[in-house]
Amino acid sequence: MSSTPQGSRPVVAIVDAYSTASHLAPLFHARGYDCLHVQSLEQPPAVFGATFRAGDFLSTVVHRGDTAETLAALAPYAPVALLPGAEIGVELADVLSEALGLRTNGTALSNARRDKFHMVETVKAAGVPAADQILAGDLDTLLDWYGPDDRTVVLKPVRSALNDGVSFCGTRGEVRAAFEALVGADSALGLRNDAVVAQEYLVGAEYYVNTVSLDGKHYVCDLWKTQHLGVNGVRDLLGGSSLMVPRGPEQDLLAPYAFSVLDALGIRNGPAHTEVKLTPRGPRLIETGARVCGAMLPLLTRAAIGESQLEWTVLAYTDPEAFEARRHTDYEVARHAVCVNMVAPEAGKLVDFPKLAELRALESFHDVLLKVRPGEEISRTVNDLTYPMLVHLLHEVEGIVTHDYMTARHLDGEGFYDVV
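First, a word on what this report is: a plain description of the structure on this page.

Each value, and the rule that gives it
Every chain begins its residue count from 1, and numbering advances along the sequence as written. A pLDDT threshold of at least 70 governs which residues receive local features in this predicted model, and a stricter bar of 80 or more applies before side-chain atom pairs are shown or counted, although totals over entire chains, interfaces and linings include all residues. The basis for every side-chain value is the complete set of heavy atoms in the structure, and neither hydrogens nor water enter the calculation. Two strands make a pair as long as DSSP finds a minimum of two bridges between them. Per the convention used, a helix needs a DSSP run of H or I reaching at least four residues, while a strand needs a run of E reaching at least two, with both numbered from the N terminus. Axis geometry follows a simple rule: fit a line to the C-alpha atoms, using only the stretch in contact for helices, then measure angles between N-to-C directions, giving values from 0 to 180 degrees. Throughout, a residue-residue contact means that at least one pair of heavy atoms, one from each residue, lies within 4.5 Å. To sort residues, take the accessible area from a 1.4 Å probe on protein chains only and compare it with the maximum for the residue type: under 20% means buried, over 50% means exposed, and anything in between is partly exposed. The rule is short: rings of Phe, Tyr and Trp, with Trp giving its six-membered ring, pair when the centres are within 6.5 Å, and they are stacked under 30 degrees, edge-to-face over 60, tilted in between.

## Details of the sheet that holds strand β2 (residues 34-39)
Then comes step 1: If you trace the 4 strands from one edge of the open sheet to the other, you get β3-β2-β1-β4, paired in parallel fashion. Sheet topology places β3 (60-62) and β4 (81-84) at the edges, where each strand pairs with a single neighbour. Averaged over all pairs of adjacent strands, the angle between their axes in this sheet comes to 25 degrees, without regard to strand direction.
Then comes step 2: Pairing geometry for strand β1 (residues 11-15) and β4, over 4 bridges, is parallel. Directly across from A13, in β4, lies its bridge partner L82.
Then comes step 3: Along the sheet, helix α3 (residues 67-74) makes contact with β2, β3 and β4, crossing β3 at roughly 165 degrees.

## Regarding the pairing of strand β15 (residues 348-352)
Then comes step 1: Pairing analysis gives 2 bridges linking β15 to strand β17 (residues 377-378), with the strands arranged antiparallel. Each residue of the ladder has a partner; that of K349, found in β17, is E377.
Then comes step 2: Across 2 bridges, β15 lies against strand β19 (residues 418-419) in antiparallel orientation. When the sheet's bridge partners are listed, L350 is paired in β19 with V419.

## Re the environment of Q39
Then comes step 1: Tracing the backbone through its elements, the reader meets Q39 in strand β2.
Then comes step 2: By relative accessible area, which is 13% here, Q39 ends up buried.
Then comes step 3: Sequence separation between Q39 and D16 is 23 residues; the distance between their C-alpha atoms is 5.3 Å.
Then comes step 4: In contact with Q39, not counting residues within four places along its chain, are D16, Y18, P44, T60, V61, V62 and H63.

## Topic: the environment of V340
Then comes step 1: Summarising the element assignment, V340 is placed in strand β14 (residues 336-341).
Then comes step 2: Sequence-wise, V340 and V391 are 51 residues apart; in three dimensions their C-alpha atoms are separated by 4.9 Å.
Then comes step 3: Dropping the residues within four chain positions of it, V340 is found in contact with G239, G240, M389, L390, V391, L393, Y405, A408 and R409.

## Examining the sheet that holds strand β16 (residues 365-370)
Then comes step 1: A sheet is described by the order of its strands in space; here 8 strands give the open sequence β13-β12-β9-β10-β11-β14-β18-β16, paired in antiparallel fashion. Taken across any chain shown, the strands that pair with only one partner, and hence form the sheet edges, are β13 (282-289) and β16. The average undirected angle you get between the axes of adjacent strands in this sheet is 25 degrees.
Then comes step 2: Relative to β14, strand β11 (residues 234-244) is paired through 3 bridges, and the arrangement is antiparallel. By the bridge assignment for β14, S242 is matched with V338.
Then comes step 3: The strands that helix α13 (residues 398-411) touches are β10 (217-231), β11, β14 and β18 (389-395); relative to β14, the one it contacts most, it runs at about 10 degrees.

## Remarks on the packing of aromatic side chains
Then comes step 1: In total, this model carries 9 aromatic pairs according to the counting rule given.
Then comes step 2: Here the aromatic rings of F52 and F57 are separated by 5.5 Å at their centres, their planes lie at 25 degrees, and the arrangement is stacked.
Then comes step 3: A ring pair is formed by Y219 and W312, whose centres lie 3.8 Å apart and whose planes are at 25 degrees; its orientation type is stacked. Of this pair, Y219 sits in strand β10 while W312 sits in helix α10 (residues 309-318), and the two are 93 residues apart along the sequence.
Then comes step 4: On the accessibility criterion, W312 (2% relative accessible area) is buried.
Then comes step 5: Aromatic ring contacts, followed pair by pair, group Y18, F48, F52 and F57 into a single cluster.

The structure is reproduced here in structure tokens:
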């Protein structure tokens, strides 16, 4: 691959190609494009930096806070498209793509796509139903909103990712403790929390709607129904997610609702990962990320249906006509899929996974994504940062996947981890 800006192939720039987005560049290469990496922070969070694959890129342009300087560094490469990879790159991608006159979501609603409070308020202002909430920089304001009677609410940082800092509170005392733990602390993205978002607790199952948009027209790449556990002191810890067929009573509510959220937030181009709860009152937004789904879930989607949000993203940016021609066709589930989030009950030094062989022997076992290896420190699982492994199950027969999902849940726990 050419190491100079003057190559014969057109160039696509990806801002923060970390986590799942690290799989975009090879797909662009396969369609005849070279890739340039743009790094939005001089020191990216370690959790992201570990997934970066430098060999997939001509070079890396580091953004040092000066947009003009970054645009000047991009100019020799003349990128034909620029898109965000990980969550931390969304806003810079909006700025740069708009300035370069490329397909973009623009900067007008950029803040609403990252600020969790502004996001929900923007959606509600567009007439889309969403949760009751408040932005609180002081405890008195928060407790006034909470009221005198016990009820369940969710507190979260204004800007974060990976479910970092999310607390479920059922009493005034728990609200107070969560507020005091969050305000003044740094989020997983290294941002200081000066306030918290508090929202009503939405009752219902949670779903993922993964989409790709082109000039305001949206396509559902895949839908997932999630399962949660009350474990390790966390009320709703993600235990796993199951791929859904594209049509059905739930799906037919979720997809139009997600599209209305995308429209409200100005997501007209590129991938989006929307988390929705289906409540007795209908769908309600949890949050949307204007980037590809994380946790490598699109890799499992690809194995199940032949392609994923990654392929659809590349198609939208490299062959708009083909995207438009295909977006009216639903995906087809060739094999049923479940991602199992294994839950470590304690922290310490991991010696081994004594029952990993039993897990691998499951009929639908497809892959395991190890986050912690023997000899490394393991954390008690309380959020997306602390899962020790993700297990991918895949089979033509849905019942076999369900059987193995339940077996994996049974195997998980204290006997699954040898920790000192």
